[in-house]
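For reference, the chains in residue letters:
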Amino acid sequence: MEFHEFLHTLRVWDVDLPRFDPDTAPAAPLPLFQEWLMHAAGAGQAEPHTMSLATVDEEGRPDIRTLMLHDADADGWHFASHSTSAKGRQLAARPVAALGFYWPAVGRQVRVRGAVTPAGQAASQADLHARSTGALAAALVGRMSEVLDDWRELEAVSASAWERAHADPRTPVPTWTRYVLKPTEVEFFQGDAQRRHVRLRYRREASAWTSELLWP
C-alpha cells in the first residue's frame, strides 16, 4: 500500500466526544484551560501536559518542538529549558511564542499565543529542583541542540551527571531557565464527528478578555 493510501485508512475520534457549550465558558481562558487539561487526563489521555512550542529563529524561520507544561496560572503558561538551547536563543532574540495542546482522547485542542519572559534565577532553580533526579541529570548534561560527535560521549557525560544529581539534588544549573508566556490569545477547539467543530477564541484587550466564536 502506498503511503498516501495508508493515510486515508486512518481514522480520528472513534470515541464518543464530549460536548462543549461556549455559552457556559468563563470570562477568562485560564479556568477553562485547567478544566480541559484535567478532563483530558481523566479521560485517559496520555501525557496531557505535553505541548508544542513554536518560536521564530534569527532569520524569521518558524521552529517547533514538544515539551512539558510546568504550570498555568495568573502569570501565564510556564515551561523551562536551557537559555543556551535553540529555543532559548530564539526567545532571547524574539520573545514571542505559540503553544499547542492536542488531546485526541476527547477531540480537543488549545492554542496559546503571547510574549515570553524569563523568570529569575531563584524561580528557575526552584523549578529544576522540584523535578525528578533524571530531569536534573539531563539538565546537568546540558549542551542541548549542539552537535554530538559520538554517542559514547553522551553515555559518559550522562553517567557522570546522574552521579552528581544523586549526590547533590540541589546542584545549580545556571543556564536552566523557567519561561512564562503571557497570553494575548487563547483558542479552544472542540472536535465534532460531523465536522461542526466549536472554536472559541479569547483575546486580551488591555487588562480584560473578550471572546468570540470562529467558523471551523
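Quick caveat: nothing in here was measured; it's all calculated off a predicted structure.

1. Some thoughts on the pairing of strand β2 (residues 62-68)
Summarising the sheet, strand β1 (residues 50-56) and β2 pair through seven bridges and their orientation is antiparallel. Bridge pairing in β2 links Ser52 to Thr66. Where β1 folds back onto β2 in an antiparallel hairpin, the turn is made up of five residues, including Gly60, whose phi is positive at roughly 80°.

2. Concerning the pattern of salt bridges
Following the criterion strictly, the structure yields 14 salt bridges and no others. Salt-bridge contacts for Glu59 lead to Arg61; the nearest nitrogen and oxygen are separated by 3.9 Å. A salt bridge links Arg111 to Glu187, with the shortest nitrogen-to-oxygen separation between them at 2.8 Å. Residue Arg111 is found in strand β6 (residues 108-118), and its partner Glu187 is found in strand β7 (residues 176-190); the two are separated by 76 residues along the sequence. With relative accessibility at 7%, the residue Glu187 sits in the buried group.

3. Remarks on unusual backbone geometry
Leave glycine aside and you will find that most residues have negative phi; peptide bonds, for their part, are mostly trans. Residues other than glycine seldom take positive phi values, yet Trp13 does so here, at roughly 55°. Among the structural elements, Trp13 can be located in the loop between α1 (3-9) and α2 (29-42). On the basis of relative accessibility, which here comes to 16%, the residue Trp13 falls in the buried class. The backbone of Glu47 shows a phi angle near 45°, a positive value even though the residue is not glycine. Mapped onto the fold, Glu47 is located in the loop between α2 and β1.

4. What to know about the packing of aromatic side chains
Tallied over the full model, the rule gives 11 aromatic pairs. For the ring pair Phe20 and Trp36, a centre distance of 5.1 Å and an interplane angle of 80° mean the geometry is edge-to-face. Placement of the pair is Phe20 in the loop between α1 and α2 and Trp36 in helix α2, with a sequence separation of 16 residues. Here Phe20 matches Trp36 in class, with each residue buried. Taken together, the ring pairs in this structure connect Phe20, Trp36, Phe188, Tyr202 and Trp209 into an aromatic cluster. The lysine or arginine in question, Arg108, covers the ring of Trp36, its NZ or CZ lying 4.1 Å from the ring centre.

5. Here's the deal with the packing of helix α5 (residues 133-141) against helix α6 (residues 151-167)
Orientation of α5 relative to α6, taken along the N-to-C sense of each, is 130°, at an axis distance of 8 Å. Comparing the axis directions of α5 and α6 gives the class oblique. For the pair α5 and α6, the crossing hand works out as right-handed. For the pair α5 and α6, the contacting residues are Thr133, Gly134, Leu136, Ala137, Leu140 and Val141 in the first and Leu154, Val157, Ser158, Ala161, Trp162, Arg164, Ala165 and His166 in the second. Broken down by class, the residue content of the contact of α5 with α6 amounts to nine nonpolar, four polar and one charged.

6. Comments concerning the nonpolar core
Of all hydrophobic cores here, the largest spans 31 residues; its most connected members are Phe33, Trp77, Phe79, Phe101, Trp103 and Val110. Of all the elements in the fold, those that place two or more residues in this core are α2, β1, β4 (76-82), β5 (96-103), β6, β7 and β8 (198-205). Per-element tally for this core: the top contributor is α2, with six residues. Residue contacts for Val110: discarding those within four places in its chain leaves Phe33, Trp36, Leu99, Gly100, Phe101, Trp103, Val186, Glu187 and Phe188. Leu128, Val141, Ala165 and Trp176 belong to the second largest nonpolar core, which has 11 residues in total.

7. Some points on a nonpolar patch on the surface
Side chains of Met1, Phe3, Phe6, Leu7 and Leu10 sit close together on the surface and give an oily, nonpolar patch of about 580 Å² of accessible area. Turning to its location among the elements, Leu10 is positioned in the loop between α1 and α2. Owing to a relative accessible area of 44%, Leu10 belongs among the partly exposed residues under this scheme.

8. Brief notes about α5
Given 3.6 residues per turn, any residue in an α-helix points the same way as the ones three and four places further on. Every buried residue belonging to α5 is among Ala135, Leu136, Ala137, Ala139, Leu140 and Val141, and all of these are buried. Gly142, located one to two residues past α5, shows a positive phi value of around 60°.

Parameters and conventions
- Residues numbered from 1 in each chain as written.
- Predicted model: local features only at pLDDT ≥ 70, side-chain atom pairs only at ≥ 80, totals over all residues.
- Heavy atoms only, no water.
- Pairing = 2+ DSSP bridges.
- Helix = DSSP H or I, 4+ residues; strand = E, 2+ residues; numbered from the N terminus.
- Salt bridge = Lys/Arg side-chain N within 4 Å of Asp/Glu carboxyl O.
- Buried < 20%, exposed > 50% of the residue type's maximum accessible area, 1.4 Å probe, protein only.
- Phe/Tyr/Trp six-rings, centres within 6.5 Å; stacked < 30°, edge-to-face > 60°.
- Lys NZ or Arg CZ within 6 Å of the ring centre and 35° of its normal.
- Axes fitted to C-alpha atoms, helices over the stretch in contact; angles between N-to-C directions.
- Parallel < 35°, antiparallel > 145°, perpendicular 65-115°, else oblique.
- Left-handed = near helix turned anticlockwise from the far one by under 90°.
- Contact = heavy atoms within 4.5 Å.
- Nonpolar A, V, L, I, M, F, W, Y, C, P; charged D, E, K, R; others polar.
- Core = buried A, V, L, I, M, F, W, Y, C linked by side-chain atoms within 4.5 Å.
- Patch = residues over 30% accessible without salt bridge, like charges linked within 9 Å, V, L, I, M, F, W, Y side chains within 5 Å.
- Areas by Shrake-Rupley, 256 points an atom, 1.4 Å probe, with all protein chains shown as cover.

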